Amino acid sequence: MREARAQRADDLIRAGDLRLEHVARLCGYADGAAFSRAFKSIRGTPPSRWRRRPQ
């Protein structure tokens, strides 16, 4: 389940037009902090850095 949420977050983050707080809510997290912690534990980097990485 966590991987599915992370994959959805990947897709939304790569689209680049949504704020990370909005991505968090769309992925079922109560707030951006919880989303950031979960994302970092799965991907090894925070979502803000993930967004900036070359594709």
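Up top you'll find the structure we're talking about.
Note that this is a predicted model, so its numbers are computed, not measured.

What counts and what doesn't
Residue numbers run consecutively from 1 along every chain, following the written order of its sequence. pLDDT decides what is reported in this predicted model: residues at 70 or higher carry local features, side-chain atom pairs at 80 or more are listed and counted, and totals for whole chains, interfaces and linings draw on all residues regardless. The basis for every side-chain value is the complete set of heavy atoms in the structure, and neither hydrogens nor water enter the calculation. As used here, the term nonpolar core means buried Ala, Val, Leu, Ile, Met, Phe, Trp, Tyr and Cys residues forming a set that is joined through side-chain atoms within 4.5 Å. Only protein chains enter the accessibility calculation, which uses a 1.4 Å probe; a residue whose area is less than 20% of its type maximum is buried, one above 50% is exposed, and one in between is partly exposed. Here a strand is any run of E in DSSP of at least two residues, a helix any run of H or I of at least four, and the numbering for each starts at the N terminus. Contacts were defined at the residue level, with two residues in contact if any of their heavy atoms lie within 4.5 Å. For a helix, the expected span equals 1.5 Å multiplied by the number of residues minus one. Regarding the arc, it is the one traced by the directions from the helix axis to the C-beta atoms. A 3.5 Å cut-off defines polar contacts: any pair of N or O atoms within that distance qualifies, except that in protein one atom must be a possible hydrogen donor and the other a possible acceptor, and neighbouring residues in sequence count only when both atoms are side-chain atoms.

Engineer: Explanation requested: the nonpolar core in the structure shown.
Structural biologist: Side chains of a nonpolar character, in soluble globular proteins, are inclined to be buried together. Counting eleven residues, the largest nonpolar core consists of Ala9, Leu12, Ile13, Val23, Ala24, Cys27, Tyr29, Phe35, Ala38, Phe39 and Trp50. For this core, the secondary-structure elements that each account for two or more residues are α1 (2–15), α2 (20–26) and α3 (32–43). Setting aside residues no more than four positions away along its own chain, Ala9 makes contact with Val23, Cys27, Phe35 and Phe39.

Engineer: Hey, could you run me through α3 in this one?
Structural biologist: Every α-helical turn comprises 3.6 residues, leaving residues that sit three or four positions apart pointing alike. The terminal C-alpha atoms of α3, which comprises twelve residues, lie 16 Å apart, in line with the 16 Å expected from a rise of 1.5 Å per residue. Residues of α3 that are buried include every one of Gly32, Phe35, Ala38 and Phe39, and no others. End-on, the buried residues of α3 take up no more than an arc of 130°, which puts them together on one face. Facing away from the buried side of α3 by more than 90 degrees, the exposed set consists of Arg37 and Ser41. For α3, the side-chain oxygen to backbone nitrogen distance between the N-cap and Ala33 is 3.1 Å, and the N-cap itself is Asp31.

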